[in-house]
Amino acid sequence: MSTVTRRVSVALFGGGRGGAGIARALLRTPGTSLSLLVNGYDNGLSTGALRRWLPGMLGPSDFRKNLLLHLDPGDPRHTLLERRLPPGATPADLDALIGDVAAAGPAEAARELRVVAGRLAARPGGLDLADCALGNLVFAGAYLRLGEDFNATVRACARTFGSPVRLLNVTGGENAFLVALKQDGRVLADEADIVAPQDGVPITGLFLLREPLSAADRAALAGRPAERVRELLARRSAVVTPNPEALRALAGADLIVYGPGTPHSSLLPSYLTPGLAEALSGSGAAARVFVVNVGGDHDVQGLTATDLVDRTLAYLGDPGNERATITHVLSGRGAGAPAVPARVLERGSWAGARWISADLEDPARPGAHCGPRTAEALLAVLGEASLARAG
C-alpha cells in the first residue's frame, strides 16, 4: 500500500457494502481523511417495516453498515450493530437485550434502544421486530430522541460507535421514496424491487417521491406508455435539499470517488440531490474518479461500463463531461463486471476522462474489489493528477 506524504482528503460516494473494502483501505492509509456520502432510500424488509413505523425517517441500513468500517468482526460493537432479532421477537425480547447491551456498551446504544422500547410500549403492535438489526433500532431510538432529525441521528450514531469516517447523508434529511422506471413503462415501485432479480429490460429513470406508491397507484400506472408514466411520477416528486456538510466535503476534497455499488439504488439516486453538480464543479479536487463495479447487479443487465459512466454524468447534469465531473475511470477485469468496449480500452479514454484498466478484484471474494489494491490505484491517480496540475 502506498502512503501519502501530506494530508489527503477523500470524498467517496458509496452505498452499504459495495465500496466498503476501498473505504476501509483508505482509512488505514496514513495521512488520509475520508468523507463518505450515502443516501437513505433503502426500504427493504425490516428496514421498510421500520420506515413505516416511523413515517418521515429515511432508511438507516447503509449508514449502519458504514459504521463497521473500523471495527474488527470480533469487536462487541460490530456484533451489536449486526445482531438481528429472531422470528417472533417481542418487545419483551428487546427489553431483555437492552440489559446485555448496557453491560457490554456503548452506553449510548442502550439509551437509544430504551427510547424504542418506550415507543413500542406506548404504541403496541406497530412494529414487527422479526429480523430487525439492533443497529437499525439504535438509529431509530436516536432519531426519536433527537426530534426526528435524521442527519443529527447519523452524527450521533457515528460518535457512539467511534467512527473515524465523516459519514454524511447526501440530503438535508427529507423523507423520500425511490422508484424506477423501465424502458417499457413498467415501474419498480421501491428500492427493494430495484435491487431484486429482474428481467433485462433496462431502467431508464429514477424518481424520488413524496409518498410510497400504493397498490392502487401501481395499478393505475400499469400498461401506460413509458413517457406518460414518467410524467405522472415526476408530478409526485419530493423536495429534497443538499446536506451542507456534504457540499463542504466535496468542496474541500483532493480526491472525489464515485464508488462501486448497486448503481440504481446506492449511487445514482444520490446524484439526484440538488446542488451536488454545482459543488462538484466548484471543487478543487485534482481527480474525480469513477470506479466501475467488478461484479454484476440485477439492475444493470445489458448495460456496459461506459453506459454507467454516461448515466452518472447525466444524473449529475454534465452529460458531455464538459465540467470534468469525471476525470478518470478505473475499471477492473472481473468476469462478472460490466463490459468495457474494446475501442475504449484501446483508446484509453471515454467522454474526455482517462480510462485505466487494472486487476482490482479481490481473489478471495469474486465480484468485490480488493480494497488495498483499489485504494492504491486511486491514490496513484491523485498523485499523477496533482503533479500534472502543478506542472
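Scroll up to find the structure.
Please read all numbers here as calculations on a predicted model, not as lab measurements. Per chain, residues are indexed from 1 in the order of the written sequence. Under the rules for a predicted model, residues below a pLDDT of 70 receive no local features and side-chain atom pairs below 80 are neither given nor counted, while totals for whole chains, interfaces and linings still include all residues. Each side-chain value is derived from all of the structure's non-hydrogen atoms; neither hydrogens nor water enter the calculation.

Caption draft 1: Geometry of the sheet that holds strand 3 (residues 166–169). Here 8 strands make up an open sheet; going across it, the order is 3-2-1-7-8-9-11-10 and the pairing mixed. Lying at the two open borders of the sheet, with one neighbouring strand each, are strand 3 and strand 10 (349–350). With 4 bridges joining them, strand 9 (residues 328–331) and strand 11 (residues 353–357) adopt parallel strand pairing. Among the inter-strand pairings, Val329 is bridged to a residue of strand 11, identified as Trp355. Sheet contacts for helix 1 (residues 20–27): strand 1 (8–13), strand 2 (32–38) and strand 8 (287–291); angle to strand 2, the most-contacted strand, approximately 155 degrees. Throughout, a contact is declared for two residues whenever any of their heavy atoms are within 4.5 Å. Lines fitted to C-alpha atoms define the axes here, with helix axes fitted over just the stretch in contact, and angles between the N-to-C directions of these axes take values from 0 to 180 degrees. Helix and strand labels come from DSSP, where a helix needs a run of H or I of at least four residues and a strand needs a run of E of at least two; each type is numbered from the N terminus. The strands that helix 17 (residues 371–390) touches are strand 1, strand 7 (255–258), strand 8, strand 9 and strand 11; relative to strand 8, the one it contacts most, it runs at about 150 degrees. When DSSP finds two or more bridges between a pair of strands, those strands are recorded as paired.

Caption draft 2: Molecular detail of the nonpolar core. Of all hydrophobic cores here, the largest spans 117 residues; its most connected members are Phe13, Leu94, Leu137, Leu250, Leu255, Ile256 and Tyr258. No other element matches the 8 residues that helix 7 (residues 134–145) contributes to this core. Among residues more than four places away in sequence, those in contact with Leu94 are Leu113, Val116, Ala117, Leu120, Leu129, Leu134 and Leu137. Definition of nonpolar core: a set of buried residues of the types Ala, Val, Leu, Ile, Met, Phe, Trp, Tyr and Cys, connected through side-chain atoms within 4.5 Å. Each residue is placed in one exposure class: buried if its accessible area under a 1.4 Å probe, protein chains only, is under 20% of its type's maximum, exposed if it is over 50%, and partly exposed if it falls in between. Judged by nonpolar contacts, the second largest core, of 10 residues, contains Val179, Leu181, Val229 and Leu232.

Caption draft 3: Expanded view of the pairing of strand 1. With 6 of 6 residues buried, strand 1 is to be regarded as a mostly interior element. Burial along strand 1 is two-sided: Val8, Val10 and Leu12 facing one way and Ser9, Ala11 and Phe13 facing the other are all buried. In terms of strand pairing, strand 1 meets strand 2 through 6 bridges, oriented parallel. Bridging across to strand 2, Ala11 finds its partner in Ser35. For crossovers, right-handed means that the path from the first strand over the helix to the second runs clockwise, given strands pointing away from the viewer. Regarding the hand of the β-α-β motif, the stretch spanning strand 1, helix 1 and strand 2 is right-handed. Looking at chain direction, strand 1 and strand 7 are connected through 4 bridges and run parallel. Its bridge partner lying in strand 7, Ala11 is registered against Ile256.

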